[in-house]
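Coordinate analysis (summary)
What follows is each chain in one-letter form.
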Amino acid sequence: MTASSRRILRLTGPDTFDFLQGLITNDIARLDQGLVYAALLTPQGKYIADFFLKADGDVVLLDADEAQADMLVQRLSMYKLRADVTIEQTELHLHRGTGPAPEDALPDPRHPALGWRAYRDSAQPDDTTDWDALRVTHMIPQAGVDLTPDSFILEMGFERIGGVDFRKGCFVGQEVTARMKHKTELRKGLAKVSITGDADAGTQITADGKPAGTLLTRSGNEALAYLRFDRATGAMQAQDATLTRID
């Protein structure tokens, strides 16, 4: 994913903060500390979209995946009802990097290794950072590749990467998400695997001939995978590749 594959939306109006607080998985009050990473879920607790929020005075910027942006605007507008909130496109561009952060940048809240993000009027020059390698190393899922409409955010590590707050109060899908945290042991979820051989993202992973998960983002000889933990205890197969769980 490149910086140009993001769309920056602007939310304005006196009800903006309360409106978002009742919908998203994270606490909007954290905006006074920097970027907030959050998701929007279905009432059944399944993933719809993930995004970053930035406060700019009374305005909130929403940094979304380009492929999800139109759908996200539609969903937010559906929930808006009589709330005094305006959602509009901006001409801003995402800039990001892993070196020293410029004055207008804020740390990526998911992991320190992911560096900083900034929003500017001009597009970012060529970015040579291997973001997939960083994501795989630190088990950071990405929209459209690792995160799908079948995903539950706790299975995909959102608590570890700061994408959900269970003390903030209600949000859409909160009941199912809280039940997964407090009443069940996760039997499936995001994991890192070593991989040798050829296999495409989205390929089914098997163990002893039984379905064990799905291959996700790959970087070199490591990859992310969605696994059934009880079957991911030894060597696994995906197409012509052999996999072993390492985290």
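Anything mentioned here points back to the structure above.
Here is a short report on the structure shown in this document. Note that the structure is predicted; figures quoted are calculated from it, not measured.

When helices and strands are tallied, the protein chain shows four helices and 14 strands. Radius of gyration (C-alpha) of the protein chain: 19 Å, near the 18 Å computed for a compact globule of 247 residues. Here the C-alpha coordinates of the protein chain stretch approximately 55 × 45 × 30 Å along the principal axes. Within the protein chain, the proportion of its 247 residues that are buried is 48%. Looking at the protein chain alone, contacts between residues at least 24 apart form 64% of all its contacts between residues at least 6 apart. For the protein chain, the computed accessible surface area is about 12,100 Å², with 47% contributed by carbon and sulfur atoms.

Here the focus is the nonpolar core. Formed by 29 residues in total, the largest nonpolar core has its most connected members in Tyr 119, Ile 153 and Phe 158. Elements that contribute at least two residues to this core include exactly strand 2 (36–41), strand 3 (47–56) and helix 3 (131–138). By residue number, the principal contributor to this core is strand 2, which donates three residues. When near neighbours in sequence (up to four residues on either side) are disregarded, Phe 158 contacts Tyr 37, Ala 39, Asp 50, Pro 141, Leu 147, Ile 153, Gly 163 and Val 164. Counting residues in each nonpolar core, the second largest holds 24 residues, with Leu 20, Val 36, Leu 53 and Val 85 among its members.

What follows concerns the sheet that holds strand 6 (residues 93–97). An order of 6-8-7 is seen for the three strands of this open sheet, with the pairing classed as antiparallel. The two strands at the open ends of the sheet, each matched to only one other strand, are strand 6 and strand 7 (106–107).

Moving on, we come to unusual backbone geometry. Phi at Met 139 is positive, roughly 55°, even though this residue is not glycine. Counting through the fold element by element, Met 139 comes out in the loop between helix 3 and helix 4 (174–183). On the accessibility criterion, Met 139 (10% relative accessible area) is buried. Positive phi, normally seen in glycine, also occurs at Asp 208, with a value near 55°. Looking at the secondary structure, you find Asp 208 in the loop between strand 10 (204–207) and strand 11 (210–219).

In this structure the tally under the stated criterion is 16 salt bridges. Of the charged contacts, one joins Arg 228 and Asp 230 as a salt bridge, the two residues approaching to 2.9 Å between their closest N and O atoms. By relative accessible area, Arg 228 is classed as partly exposed at 28%. According to the relative accessible area criterion, Asp 230 is exposed, its value standing at 51%. One salt-bridge network, in which partners are shared between bridges, spans Arg 6, Asp 63, Asp 108, Arg 110 and Arg 117.

What follows is about the sheet that holds strand 2. Overall, antiparallel pairing links the five strands, which are arranged 2-3-4-1-5 in an open sheet. The strands lining the two open edges of the sheet, one partner per strand, are strand 2 and strand 5 (86–89). The sheet shows a mean angle of 30° between the axes of neighbouring strands, direction not considered. Where strand 1 (residues 6–12) lies against strand 4 (residues 59–65), six bridges are found, and the strand directions are antiparallel. Each residue of the ladder has a partner; that of Leu 11, found in strand 4, is Val 60. Contacting strand 1, strand 2, strand 3, strand 4 and strand 5, helix 2 (residues 66–80) runs over the sheet at an angle of about 85° to strand 3.

Thresholds applied
Residues numbered from 1 in each chain as written. Predicted model: local features only at pLDDT ≥ 70, side-chain atom pairs only at ≥ 80, totals over all residues. Heavy atoms only, no water. Helix = DSSP H or I, 4+ residues; strand = E, 2+ residues; numbered from the N terminus. Rg over C-alpha atoms; globule rule 2.2 N^0.38 Å. Buried < 20%, exposed > 50% of the residue type's maximum accessible area, 1.4 Å probe, protein only. Contact = heavy atoms within 4.5 Å. Areas by Shrake-Rupley, 256 points an atom, 1.4 Å probe, with all protein chains shown as cover. Core = buried A, V, L, I, M, F, W, Y, C linked by side-chain atoms within 4.5 Å. Pairing = 2+ DSSP bridges. Salt bridge = Lys/Arg side-chain N within 4 Å of Asp/Glu carboxyl O. Axes fitted to C-alpha atoms, helices over the stretch in contact; angles between N-to-C directions.

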